[in-house]
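# Fold and geometry: a report
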Amino acid sequence: MWRPRPLRPRYDVVIIGAGVHGLASAYDLAKRGVWGVVVLDKSYLGAGASGRNTAIIRSNYRTPEGVAFYDESVKLYEGLSAELGYNVLFSQQGHLTLAHTDSAVNGLMVRAEINQLCGVDSRIIWRDEIKALVPALDCSDRPRYPVVAALYHPPGGIVRHDAVVWGYARAADRLGVGIHTFTEVTGIDVAQGRVTAVRTTQGDIQAGAVLNATAGFCSTIAKMVGLRLPITTHPLQALVTEPLTAFLDKVIVSANLHVYVSQTDRGECVIGSEIDPYTSYSHRSTLPFLESTAHHTLELFPCLRHVRVLRQWAGICDMTPDYSPIMGDVPGLRGFYLDVGWGTYGFKAGPVSGRRMAELIATGRTPELIKPFSITRFHDGRLLGEKAAAAVSH
Ligand SMILES: Cc1cc2nc3c(=O)[nH]c(=O)nc-3n(C[C@H](O)[C@H](O)[C@H](O)COP(=O)(O)OP(=O)(O)OC[C@H]3O[C@@H](n4cnc5c(N)ncnc54)[C@H](O)[C@@H]3O)c2cc1C
């Protein structure tokens with residue numbers, strides 16, 4: 001997949017984190033002709049959330065800034081297999097966010113209008129159309145919270161997450177990027193207001209620029225340069241069932257019931273929920289998650305009642321107060337860049353943030369698309385509230 005190369009004593013750009021964000025940024029930097037790029041990871045490739053997520057791709061967000069940003073990513077995903085020369089199995093099967101209460105319907109209506117104003121295919125549909133699109137979904141009055149309406153987003157879908165990671169790694173390697181797994185960053189040197197070197201378990205590296213793309217661990221890297229991020233890390237869990245005959249060809253999300261379900265091309269149902277309510281770096285899965293998620297799934301799909309769970313797992317998520325990411329440089333600290341705060345929704349953003357972060361690092365100019373996501377928004381009070389569109393929906 002990628003060639004072993006010796007770790008050099010100096011690189012123009014050191015990227016910490018070999019998830020989709022770090023690898024996409026490395027690929028786009030190399031594509032722009034920036035030589036001397038290395039990606040370091042303390043574990044194996046995709047060991048973080050990039051190898052643990054439920055791979056939902058969509059752009060039906062809540063703020064115009066968020067919609068424009070994620071829309072560019074959906075478009076990049078549409079061409080990603082051809083771009084990387086690697087099939088990432090992107091299936092744009094459509095995405096439904098269900099509403100079970102009047103207030104939820106009102107929230108979805110606001111999102112539908114913002115989506116449409118931004119040119120994104122997204123609209124409210126009612127029970128009859130939902131039933132026709134998803135025959136297996138219980139649209140009767142039987143459940144405690146019957147389905148009332150849904151936000152239907154046809155371009156949304158699922159991708160094969162590890163194929164995306166491997167595809168980026170292979171393409172970056174072909175362009176000369178060094179990829180060093182099991183190489184932990186243990187310190188970062190700063191002199192006269194700029195980063196100068198990265199200390200690792202494999203030796204020290206002089207660095208022209210450093211990109212923090214470590215998601216759930218990003219606060220620990222930021223601390224190495226004396227920066228405190230407005231981020232807390234929470235576990236997020238998911239589970240997968242035994243393979244079933246194809247019965248579901250839409251992604252179904254219910255924020256009211258705190259659950260979402262999709263079926264992979266191998267027939268397994270991938271099911272997730274919202275973050276665990278406590279902060280932790282733990283990657284352990286729990287029984288309460290299994291119980292509550294199974295219970296809520298059966299409210300939507302009673303036909304799954306005899307189905308067995310194959311496995312469950314957890315990843316960790318870097319949550320910001322406004323559920324939007326932090327991208328860009330850091331005032332007063334030259335050469336240090338942030339691509340963090342990806343919470344429960346950052347996999348879909350890999351291609352666009354890779355492209356735009358590479359543009360920033362290569363040119364020194366912040367692209368318009370990512371300007372609103374600067375860390376300065378927390379000082380200026382310009383938060384980008386995406387909780388309504390990002391909490392359970394991923
Ligand atoms: C269960 C679950 C479901 C999710 N579902 C979705 C979804 O459906 N759609 C979506 O868009 N998003 C989803 N997400 C969120 C998404 O997975 C993440 O936001 C995204 O993958 C973050 O990618 P990344 O490249 O920034 O970080 P990661 O993939 O987490 O990579 C960070 C890397 O940094 C490395 N690292 C950490 N510290 C150091 C160090 N000191 N030195 C060297 N390396 C270090 C880690 O080993 C890790 O490999 C989900 C997440 C989880 C956990």
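As shown above, the structure is provided for reference.
Quantities reported herein were computed from a predicted structural model and do not represent experimental measurements. (Residues numbered from 1 in each chain as written. Predicted model: local features only at pLDDT ≥ 70, side-chain atom pairs only at ≥ 80, totals over all residues. Heavy atoms only, no water.)

### Comments concerning the layout of surface pockets
In this structure, the second largest pocket spans a volume of roughly 650 Å³. Contributing to the lining of the second largest pocket are 30 residues, with Asn 53, Arg 160, His 161, Asp 162 and Arg 266 lying nearest its centre. Considering each element in turn, the lining of the second largest pocket owes the most residues, four residues, to helix H6 (residues 161–174). The residue makeup of the lining of the second largest pocket, split by class, is 12 nonpolar, 11 polar and seven charged. (1 Å grid on protein atoms, 1.4 Å probe; cavity = no way out; pocket = protein on both sides within 12 Å on 5 of 7 lines; lining within 4 Å. Points joined across faces, edges and corners; volume = space filled by probe spheres on them. Helix = DSSP H or I, 4+ residues; strand = E, 2+ residues; numbered from the N terminus. Nonpolar A, V, L, I, M, F, W, Y, C, P; charged D, E, K, R; others polar.)

### Quick look at the pairing of strand S4 (residues 95–99)
In terms of burial, S4 is a largely internal element, five of the five residues being buried. Neither face of S4 is left uncovered, since the one carrying His 95, Thr 97 and Ala 99 and the one carrying Leu 96 and Leu 98 both have all their residues buried. Both S4 and strand S6 (residues 149–153) contribute to a ladder of five bridges, which runs antiparallel. The partner of Ala 99 across the bridge, within S6, is Ala 149. Pairing of S4 with strand S13 (residues 251–254) involves four bridges; the strand directions are parallel. Counted as the bridge partner of Leu 96 is Ile 252 from S13. (Buried < 20%, exposed > 50% of the residue type's maximum accessible area, 1.4 Å probe, protein only. Pairing = 2+ DSSP bridges.)

### Things to note about unusual backbone geometry
With phi around 50°, Leu 89 is a residue other than glycine that occupies positive phi space. Relative to the assigned elements, Leu 89 resides in the loop between helix H3 (80–84) and S4. The phi dihedral of Gln 192 falls on the positive side, at around 50°, and the residue is not glycine. Structurally, Gln 192 is set in the loop between strand S9 (185–191) and strand S10 (194–200).

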